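Structure at a glance
Listed here are the chains, written in short residue letters.
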Amino acid sequence: MFSMNGKIALVTGGAGGIGEAVVRAYVEAGARVGILDRDAERLEAVTRDLGDAVVGIHGSVERMADNVRAVRETVDAFGGLTTFVGNAGVGAGNLTLAQMPVDRLEEAIDEIFAINVRGYLLGARAALPEVLRAQGSMIFSTSIAGYRAVDDGVLYVASKHADVGIVRQLAWEFAPRVRVNGVAIGVAKTNMEGLECLDQPTVDAVLPGAEEVIPLEVIPEAADHAGAFVYLASDRASVATGECIWTDSGFGIRGIGSPRGGSALDPDALTL
């Protein structure tokens, strides 16, 4: 594990799923962490479990005031801010554009972009002065949906393409004093919140049969993705900026005829 001793992070959406896994990995690596999350019950549970290493801030990434308050309370608790992690996000129930109810389409677009895109930009702007002083870094949860068509639906895919753009542009705008990177997450055993305007429930983020079509076969736990966030926040990533680490279980290299080409490999049958 890369060291995060002396690092102070703020993680949005850090009370559940990938965000909680990142918070726990950061604490384990030696960091102190502020957590901004809209779920008060989950937030209380995580902060109670991790104790003095974290501070919980109840609020929504959609509001600038909540982002500013999250930065302030993190700095007040720990004395600064070296790392901002934009992670809070929602899905849209994997609906295609044709499946979207026309009478609520405008609301759905506004809601998903308010959380998945505006939330990242508001958080980055709120965190910038402190992260700039620390010559630190920003990291954003992107997705393989930020690079290609997937089964997650057009609203989610469009928002994640925007997030990749945020990583690339802010890396340029904030260089040379702040590094900006992303983690392009594939599948994980976690839940995805839906859109309130469509009355969508929280659903399993793993689509049925996913393990059959990914090269590595196994569905990762949320914690399996956290190492990339630790690396990017550590001093060992000092020359990495404007990039996304793919933690996608091999989706990006799956074949056409078969998702994986090495299933039949037998070390005992290989001769030199």
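See the structure above.
Anyway, here's the lowdown on the structure attached to this text. Keep in mind the model is a prediction, meaning the values are calculated, not measured. (Residues numbered from 1 in each chain as written. Predicted model: local features only at pLDDT ≥ 70, side-chain atom pairs only at ≥ 80, totals over all residues. Heavy atoms only, no water.)

1. Structural notes on the overall build of the protein chain
- In terms of regular secondary structure, the protein chain is built from seven helices and nine strands.
- Relative to a compact globule of 272 residues, whose C-alpha radius of gyration would be 19 Å, the protein chain shows 19 Å and is just as compact.
- With the C-alpha coordinates aligned to their principal axes, the bounding extent of the protein chain is approximately 60 × 60 × 40 Å.
- When each of the 272 residues of the protein chain is scored for burial, the buried share is 51%.
- The long-range share in the protein chain, meaning contacts at least 24 apart out of those at least 6 apart in sequence, stands at 71%.
- Split by element, the accessible area of the protein chain, about 13,100 Å² in all, is 53% carbon and sulfur. (Helix = DSSP H or I, 4+ residues; strand = E, 2+ residues; numbered from the N terminus. Rg over C-alpha atoms; globule rule 2.2 N^0.38 Å. Buried < 20%, exposed > 50% of the residue type's maximum accessible area, 1.4 Å probe, protein only. Contact = heavy atoms within 4.5 Å. Areas by Shrake-Rupley, 256 points an atom, 1.4 Å probe, with all protein chains shown as cover.)

2. Digging into the layout of surface pockets
- Here the second largest pocket defines a volume of roughly 170 Å³.
- Lining the second largest pocket are 15 residues; nearest its centre among them are Lys7, Gln135, Gly136, Arg179 and Asp235.
- In the lining of the second largest pocket, the residues fall into four nonpolar, seven polar and four charged. (1 Å grid on protein atoms, 1.4 Å probe; cavity = no way out; pocket = protein on both sides within 12 Å on 5 of 7 lines; lining within 4 Å. Points joined across faces, edges and corners; volume = space filled by probe spheres on them. Nonpolar A, V, L, I, M, F, W, Y, C, P; charged D, E, K, R; others polar.)

3. Focus: a negative patch on the surface
- A cluster of acidic residues, Asp103, Glu106, Glu107 and Asp110, forms a negative patch on the protein surface.
- Structurally, aspartate 110 is set in helix 4 (residues 105-134). (Patch = residues over 30% accessible without salt bridge, like charges linked within 9 Å, V, L, I, M, F, W, Y side chains within 5 Å. Salt bridge = Lys/Arg side-chain N within 4 Å of Asp/Glu carboxyl O. Lys, Arg positive; Asp, Glu negative; His and termini not counted. Charge placed at Lys NZ, Arg CZ, Asp CG, Glu CD.)

4. Here's the deal with the packing of helix 3 (residues 64-78) against helix 4
- At their nearest, the axes of helix 3 and helix 4 sit 9 Å apart, and the two run at 35° to each other. When you trace helix 3 past helix 4, the crossing you get is right-handed. For the pair formed by helix 3 and helix 4, the contact residues are Met64, Asn67, Val68, Val71 and Val75 on the first element and Gly119, Leu122, Gly123, Arg125, Ala126, Ala127 and Glu130 on the second.
- Considering only residue class, the contact of helix 3 with helix 4 consists of seven nonpolar, three polar and two charged. (Axes fitted to C-alpha atoms, helices over the stretch in contact; angles between N-to-C directions. Left-handed = near helix turned anticlockwise from the far one by under 90°.)

5. Regarding the pairing of strand 2 (residues 32-37)
- Across the six residues of strand 2, five count as buried, placing the element largely inside the fold.
- With five bridges connecting them, strand 1 (residues 8-12) and strand 2 associate as parallel partners. Counted as the bridge partner of isoleucine 8 is arginine 32 from strand 2.
- A crossover links strand 1 with its parallel partner strand 2, the connecting element being helix 1 (residues 17-28), and its sense is right-handed.
- In the sheet, strand 2 pairs with strand 3 (residues 54-58) via five bridges, with the strands oriented parallel. Each residue of the ladder has a partner; that of aspartate 37, found in strand 3, is histidine 58.
- Read as a crossover between parallel neighbours, the route from strand 2 over helix 2 (residues 40-50) to strand 3 is right-handed. (Pairing = 2+ DSSP bridges. Right-handed = clockwise from strand over helix to strand, strands pointing away.)

6. Quick look at the sheet that holds strand 4 (residues 83-86)
- Pairing in this open sheet of seven strands is parallel, and the strands run 3-2-1-4-5-6-9 from one edge to the other. The open sheet has two edge strands with one neighbour each: strand 3 and strand 9 (244-247). The mean angle between the axes of side-by-side strands here comes to 15°, regardless of whether they run parallel or antiparallel.
- Sheet topology places strand 6 (residues 179-185) next to strand 9; four bridges connect them, and they run parallel. Bridged to isoleucine 185 within strand 9 is threonine 247.
- The strands touched by helix 7 (residues 226-233) are strand 4, strand 5 (137-143), strand 6 and strand 9; relative to strand 6, the strand with the most contacts, the crossing angle is about 170°.

7. A look at the nonpolar core
- Membership of the largest hydrophobic core comes to 44 residues, with the highest contact counts inside it found for Leu81, Met138, Phe140, Val180 and Leu195.
- Only strand 1, strand 3, helix 3, helix 4, strand 5, helix 5 (154-174) and strand 6 provide two or more residues apiece to this core.
- By residue number, the principal contributor to this core is helix 4, which donates ten residues.
- When neighbours within four sequence positions are excluded, leucine 195 is seen to be in contact with Val90, Gly91, Ala92, Ala108, Glu111, Ile112 and Gln200.
- The next biggest cluster of nonpolar side chains, apart from the first, holds 33 residues, and it includes Val11, Ala15, Ala29 and Leu50. (Core = buried A, V, L, I, M, F, W, Y, C linked by side-chain atoms within 4.5 Å.)

8. Regarding unusual backbone geometry
- Between alanine 175 and proline 176 the backbone carries a cis peptide bond, its omega angle lying at 10°.
- Assignment of secondary structure puts proline 176 in the loop between helix 5 and strand 6.
- Even without glycine at this site, glutamate 217 takes up a positive phi of about 70°.
- Inspection of the secondary structure assignment puts glutamate 217 in the loop between helix 6 (210-213) and helix 7.
- The exposure class assigned to glutamate 217 is partly exposed, which follows from its relative accessible area of 43%.
- With a phi close to 60°, serine 249 is a non-glycine residue in the positive phi region.
- Structurally, serine 249 can be placed in the segment after strand 9.
- Residue class for serine 249 comes out buried when judged on its relative accessible area of 9%.

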